[in-house]
Each structure stands twice: as C-alpha cells, then as structure tokens.
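Architecture at a glance
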Amino acid sequence: MSNYSERGKPTLAVVGATGAVGSVMLTILSSREDVWGEIKLVASARSAGKVLQVRGEDVTVQELTPEVFDGVDVAMFDVPDEISAHWAPIAASRGAVVVDNSGAYRMDPEVPLVVPEVNPAQVKNRPKGIISNPNCTTLTMMDALGALHAGWGLTELVVASYQAASGAGQPGVDRLYAEIEAVVGERVGSQTGDVRRLIESTLGSDSPFPAPLAMNVVPWAGSLKDDGWSSEELKVRSESRKILGIPDLKVSATCVRVPVVTTHSLMVHASFSRPITVEEAREALVAAPSVVLLDDPERGEWPTPADVVGTDPTWVGRVRQALDFPNTIELFVCGDNLRKGAALNTAQIAELVCAELSGR
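To keep things clear, this report deals only with the structure shown in the data block. Please read all numbers here as calculations on a predicted model, not as lab measurements.

Before going further, it helps to examine helix H5 (residues 169–183). Between its terminal C-alpha atoms H5 stretches 22 Å, which fits the 21 Å expected from 15 residues at 1.5 Å a residue. Of all the residues in H5, the buried ones are Gly172, Val173, Arg175, Leu176, Glu179, Ala182 and Val183. Residues of H5 that are buried make contact with helix H6 (194–203). Residue Gly185 follows H5 closely and has a positive phi angle near 80°.

Right, dumping it as structure tokens:
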C-alpha cells in the first residue's frame, strides 16, 4: 500500500544509493524541486545501516529486500544489470513504478526508453511498470539530436565518442588517478610501450581498461560483440533508434576511452531528410531547454569536459555544415555522464511519473 495519501507526496526509493551514480542522485534530489514525500535509501546488505544525507536530512540506508518496496510509489534503480533484472520486477509487483538506469530493460519492447526532453509521453507506456534510462553515451547527444530531428528529420548518424573513465564506474576512476600518479614526473610517451611498461610495473596489469589510459586513448568501451563491434557502439545505434522513434535510422559509432575523469564527449555527424543550415541548427539548439550552445571558434570557445563537468545541460560547439555531405551538420557535444548521462535523467523521468501520480 502506498504512503502517498498519508504524506501528501509520492514516496521514492533510491536503490543503489551508496554507488557512484547513487551519490550523485542524492545531490540532485537535494537541489531540485522537492516533489517527494519520504525518500528511502536502499542498498546491499553490506551497505545497510550507513547514514547518508539527502535534502539536508540524515537517512539510514535500508537493505534491499522485497518488503523495502512496500509503500513506495517510485523506485529509481542505480545498480548493475543483473541486480535490476532480478529486483525491478519485484519492486513493480509491490506497486512501485521502476525507473531503471541499468541496461537490463533498455531494448525490451514493453519498456519505454525515455529522455524527457525528447519523448516524455512514453513514460505512460509501461506495461511492466518499468521505465528505462538510456546509456550515458547515447544520452550525451540525445537532447541536441532530438531538437534537430524535430525540425529536419534525422536519417543518418555517425558518431565518435570520447568517454570518461567514470563510465567504467569507480574502479575506472581509481585506475585513472593511479595511472596519472605513476607517470607524473616521468619522461615517457616517446618510445614504443614505455607508458605501458611503467604503469604495469607500478600498478600491475589488472585494469578496467584494455590498455593504459593515462597519456593515451583507448579505442574500446564495453564488451566484445559480433563482427568486432563493442557493446557501447551497438547501444548507441539501437538506443538512438528507439528514443527518436526511427527504427531504420542508419547509425555507425566508434567508442573511445580518454583520460578524463567525468564527462563524455561526442563528435556527431548528423544527416537529415531536409536541407538544414548552420544558422537554423544553431537557432534550434539555442531554443532547446536543456542545451547550451558554446560555439565561437574565433575566440577559442567550445565545450570541453574539464569546463562543463558537474553541470546539467548538454553542451554543444563546433557546429558546422559538412563540406561534402548534403543536409549534414557536424557538432561536438559534451555532457556529464554521471549527471544527465545517468542520475539526472533518471530523476527527470521519476519526476514525470510523480506529476502523473499527483494528477498534475
């Protein structure tokens, strides 16, 4: 039974509250409009009993059990795929609407994949009681692409990503910092294999990344799939099609890991069914509510991860008309992969459900 009528506002559960994305979620919940009644913090048994702050209040973390969802209206999941696959249906069976940040349900035809700025109406299309949050790489560009697709009809998409270490979780962040410390003061990077030898002799070869990340770029993110594609690259293709409602959208992506702690970047080559000028594209991007256009090459102004990390918008620069491709715009996009790329979008979806439950 819901606590909604008792508290006047829906009850929220944050599952995975002690993880990297969960920690960002608590910050976001503390800074956005307070639409929730009780907020329950939920995690594994080993984290139960910890006290965390949300909305300026100390809240004790509860163990993930079926009973923890009793009285919960909305449950946000920031946990690995296998945990969501098991527990999301349990939460839904107890009456909660689940907003899941894992990859467990993204391509399930009975689970909507939602970006509130692009396809908000899909939140009501949830026969399983579950709504999915897209992958952080796809999300980084989706606000900008949604605005352009609405006006000109997207037909083809070629993407190169520059993905931060935090996309591999806290182990990725820890490894990058350790590698940076290992190479500081060392004159390496000018001979074959010297960076790898130094890092592996200092830290060992057990790493979230298949090659050194410090002083390097690694053309791989995700797991190996058929024909040499990575899981991250295939997610960009399948998720873009589903979010934008273009099942035959032509997509090719190459995902690259770069020595950045947090904030993904993408170089996007987008082709449209109708002619589009740079000025028209810029006007549409400026009008998009969650996009910030920072694009003045003469003054050396464009978004970079170091300048936009910790912020909520999608940042866009380097907007150009492709010289040899008709109806095609090039743009460089940056977005914090832990905020809009994960926690913020999840919170925004949950707020749409909250408004629906509240009759607003």
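The rest of the description comes next.
So, about the sheet that holds strand E5 (residues 62–63). The sheet built from 6 strands is open, its strands ordered E5-E2-E1-E6-E7-E8 with parallel pairing. Here the strands that pair on one side only, and so sit at the sheet edges, are E5 and strand E8 (130–132). Taken together, the 4 bridges between strand E1 (residues 12–15) and strand E6 (residues 74–77) define a ladder with parallel strand orientation. Paired with Ala13 across the strands is Ala75, a residue of E6.

Take the side chain of Thr137 next. Here Thr137 lies in helix H4 (residues 136–152). Engagement of the side chain of Thr137 in a polar contact is seen with the side chain of Glu232, the distance being 2.9 Å. Setting aside chain neighbours within four positions, we find Thr137 in contact with Ser161, Gln163, Glu232, Val236, His264 and Leu266.

Attention now moves to the packing of H4 against helix H7 (residues 231–244). Relative orientation and spacing of two packed helices are given, respectively, by the angle between their axes and the distance between those axes. Here H4 crosses H7 at 35°, and the two axes come no closer than 11 Å. In this structure, H4 meets H7 at a crossing whose hand is right-handed. Between H4 and H7, the residues in contact are Thr137, Thr138, Met141, Met142, Gly146 and His149 and Glu232, Lys235, Val236, Glu239, Ser240, Ile243 and Leu244, respectively. For the contact of H4 with H7, a count of residues per class yields 5 nonpolar, 5 polar and 3 charged.

So, on to the pairing of strand E3 (residues 51–54). Looking at chain direction, E3 and strand E4 (residues 57–60) are connected through 4 bridges and run antiparallel. Each bridged residue has a counterpart across the sheet, and for Leu52 the counterpart in E4 is Val59. As consecutive antiparallel partners, E3 and E4 are separated by 2 residues, and within that stretch Arg55 has a phi angle of approximately 55°, a positive value.

A sheet is described by the order of its strands in space; here 6 strands give the open sequence E10-E9-E11-E14-E13-E12, paired in mixed fashion. The open sheet has two free edges, formed respectively by strand E10 (250–257) and strand E12 (291–293), since each of these has just one partner strand. Put simply, the sheet's adjacent strands are angled 25° from each other on average, direction ignored. Two elements, strand E9 (residues 154–163) and E10, share 8 bridges in a ladder whose sense is parallel. Within the sheet, the bridge partner assigned to Ala160 lies in E10 and is Thr254. Packing of H7 onto the sheet brings it into contact with E9 and E10, and relative to E10 it is tilted by some 135°. Across the sheet, helix H8 (residues 278–287) is in contact with E12, strand E13 (314–321) and strand E14 (328–335); its angle to E13 comes to roughly 170°.

This brings us to the packing of aromatic side chains. Across all of its chains, the model carries 2 aromatic pairs by this definition. Measuring from ring centre to ring centre gives 5.9 Å for Phe69 and Phe77, while their planes differ by 10°; the resulting arrangement is stacked. What makes Phe69 buried here is its relative accessible area of 0%.

Here the focus is the pairing of E14. A large share of E14 lies buried, amounting to 8 of its 8 residues. Going residue by residue along E14, you find Thr328, Glu330, Phe332 and Cys334 tucked away on one face and Ile329, Leu331, Val333 and Gly335 tucked away on the opposite face as well.

On to the state of the cysteines. On inspection of all chains with the given rule, the structure shows 0 disulfides. Looking at the unpaired Cys255, the closest cysteine sulfur is the one in Cys136, lying at 9.3 Å. Judged by relative accessible area, which is 1%, Cys255 ranks as buried.

Thresholds, definitions, all that
Residues numbered from 1 in each chain as written. Predicted model: local features only at pLDDT ≥ 70, side-chain atom pairs only at ≥ 80, totals over all residues. Heavy atoms only, no water. Helix = DSSP H or I, 4+ residues; strand = E, 2+ residues; numbered from the N terminus. Expected span 1.5 Å × (residues − 1). Buried < 20%, exposed > 50% of the residue type's maximum accessible area, 1.4 Å probe, protein only. Contact = heavy atoms within 4.5 Å. Pairing = 2+ DSSP bridges. Polar contact = N/O pair within 3.5 Å; in protein donor to acceptor, adjacent residues only side chain to side chain. Axes fitted to C-alpha atoms, helices over the stretch in contact; angles between N-to-C directions. Left-handed = near helix turned anticlockwise from the far one by under 90°. Nonpolar A, V, L, I, M, F, W, Y, C, P; charged D, E, K, R; others polar. Phe/Tyr/Trp six-rings, centres within 6.5 Å; stacked < 30°, edge-to-face > 60°. Disulfide = S-S within 2.5 Å.

Shape is all these values report; function is a separate question.
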